[in-house]
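Chain by chain, the residues:
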Amino acid sequence: MDRRFRMCLIVFLSMATFISSMASGDISLTQGSIFSTGLRSSTIASGDLDGDGDVDLAIANIHSHSVTIAYNDGAGNFTEIVDVPLDEGRKFPIALAIGDLDSYGNLDLALAFVQNLDRTELGTPAQSGIIYFYAEDDGSYTQIYSPVNGIPSCLKIEDLDGDGDSDLLVGNNGEIDVDLVTGSINVVEAGFYYFENKGRGLFSSGNPRITDGSLVDILAFDYNQDDIIDIVGVNQGTTGFDSNFNYIYLDMNISTFQGTENGLTEYDPIWVEYIPWSLDKGDVNNDGLDDIITSNVGDINNLASFMGTNGSLVLFENTGQTFNALKSIPTPGTAFSVLADDYDLDGDVDIIATIQEITDIGGVSRLDASLRVYENDGQANFTETASFYLAEEPRYAVKDDFDNDGDMDIAVLCTILDSATAGNALNGEVYVFYNDAIETDVSSWEIY
């Protein structure tokens, strides 16, 4: 089973209440829309899906076997919610992305699914595929299926070869292989797939790239500035057992591939101490090169959940050829999504992240989830300036200008009970936060 979809045994729901915190006054977030999605939602993407000039949202729902599309009314309110089921009995959508796949001007969807995600026998081959949702003029979608090996983890739509067509990158968690002699569980043939767009939305069968470990998030950008797209992925490594037969993660790293005229060249991995979850890019030190920021879940307490200690955000400085660890920002719990951007419009890249921690109250454990803001002083020094409560499992988030005011807003998808079974899963919730990007003399935030 994909590590990103293991069951969390603790359920805690809270209203999105603001936590008191100190603030410099540059980034001002206001909570907006809250709406429900399908059962065990997984991944969220943004784009103008109806062509009206406003940014909409799309969410994959694993146990509802559907995609939730939330249409923007123009002011950042998502009041029209549509559920689009998968065709032909296909099930368990894991990840999605938005882009113009056929170059007809309308934004389409690409979705990865695992037909037998509910299988109970380890070692059973996954029945995975990609569905291309091509947008029609009447707002409907034509779904085209393409098979893929392994268990997909993420999707990214980018013009990777510079021909003007949108290609597809699919992160691959590989297959789970069980050694019946030793009892060890291993991930094999993990990495990513590159699906080349041949024009008008006709894609190649997929070119696999194998890595040592599971790539769970991918960025495609020209990090060495040679006008050829490169690829960076967070790699959760392989699994095994320690001397006490405790289940552990091994060889976590940042995997980098430089684009050349002859294809991709893999460079030595950048080893990391804790399990990485997601990444984003931005020039945090103002040297003209895009750096990367990763979120880390830290140590894990048990197999049922990623909840642990030593969660953090880690900055990696771009040297022009590779990335060197610059600094780590400790977080109060597991760090899931990380989103880097100039949120206060002062010329420096700030960071917003979703965090979840286990809090013990009177001997009873609960999950406290939050959205946290880290402002950059211009020299890659970050100070937490604000925090919002969320519902549990805030594993996915996206940034975009939802209210059309010229700055980046945030939408957080809370999966609500990371369950492997439909019977225990609950509807996900999306929290939208509007960014005002204004100067203020307020020195503390009020609870409301």
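**A look at the sheet that holds strand β12 (residues 167-172)**
Here comes step 1: Pairing is antiparallel across the open sheet formed by 4 strands, whose spatial order is β11-β12-β15-β16. The sheet terminates laterally at β11 (152-158) and β16 (207-210), the two strands that pair on one side only. If you compare each strand with its neighbour and ignore which way they point, the axes differ by 20 degrees on average.
Here comes step 2: Direction of pairing for β11 relative to β12: antiparallel, over a ladder of 6 bridges.

**Things to note about the environment of D251**
Here comes step 1: Note on placement: D251 falls in the loop between β20 (247-250) and β21 (253-260).
Here comes step 2: Classification of D251 by relative accessible area gives partly exposed; the value is 46%.
Here comes step 3: For the pair D251 and I270, spaced 19 residues apart in the sequence, the C-alpha separation amounts to 9.8 Å.
Here comes step 4: Apart from the residues lying within four places of it in its own chain, the contact partners of D251 are G237, T238 and W271.

**Regarding unusual backbone geometry**
Here comes step 1: Despite not being glycine, R40 shows a phi value in the positive range, around 50 degrees.
Here comes step 2: Of note in the backbone geometry, F92 takes a positive phi value of approximately 60 degrees without being a glycine.
Here comes step 3: Checked against the element boundaries, F92 lands in the loop between β6 (78-85) and β7 (93-99).

**Description of the pairing of β6**
Here comes step 1: Bridge analysis of strand β5 (residues 66-72) against β6 gives 7 bridges, and the strand direction is antiparallel. Paired with Y71 across the strands is E80, a residue of β6.
Here comes step 2: What sits between the antiparallel neighbours β5 and β6 is a turn of 5 residues, in which G74 has the positive phi angle 105 degrees.

**A word on the packing of aromatic side chains**
Here comes step 1: Scanning all chains against the criterion turns up 13 aromatic pairs.
Here comes step 2: Between Y132 and Y134 the ring centres are 6.1 Å apart and the planes differ by 20 degrees, which places this aromatic pair in the stacked class. Neither Y132 nor Y134 differs from the other in exposure class; each is buried.
Here comes step 3: In textbook terms, an aromatic cluster arises when at least three aromatic residues are bridged by ring pairs, as seen for F35, F78 and F402.
Here comes step 4: Lying over the aromatic face of F221, K281 brings its terminal NZ or CZ to 5.4 Å of the ring centre.

Conventions we followed
- Residues numbered from 1 in each chain as written.
- Predicted model: local features only at pLDDT ≥ 70, side-chain atom pairs only at ≥ 80, totals over all residues.
- Heavy atoms only, no water.
- Pairing = 2+ DSSP bridges.
- Helix = DSSP H or I, 4+ residues; strand = E, 2+ residues; numbered from the N terminus.
- Axes fitted to C-alpha atoms, helices over the stretch in contact; angles between N-to-C directions.
- Buried < 20%, exposed > 50% of the residue type's maximum accessible area, 1.4 Å probe, protein only.
- Contact = heavy atoms within 4.5 Å.
- Phe/Tyr/Trp six-rings, centres within 6.5 Å; stacked < 30°, edge-to-face > 60°.
- Lys NZ or Arg CZ within 6 Å of the ring centre and 35° of its normal.

This is a description of form; function is not addressed.
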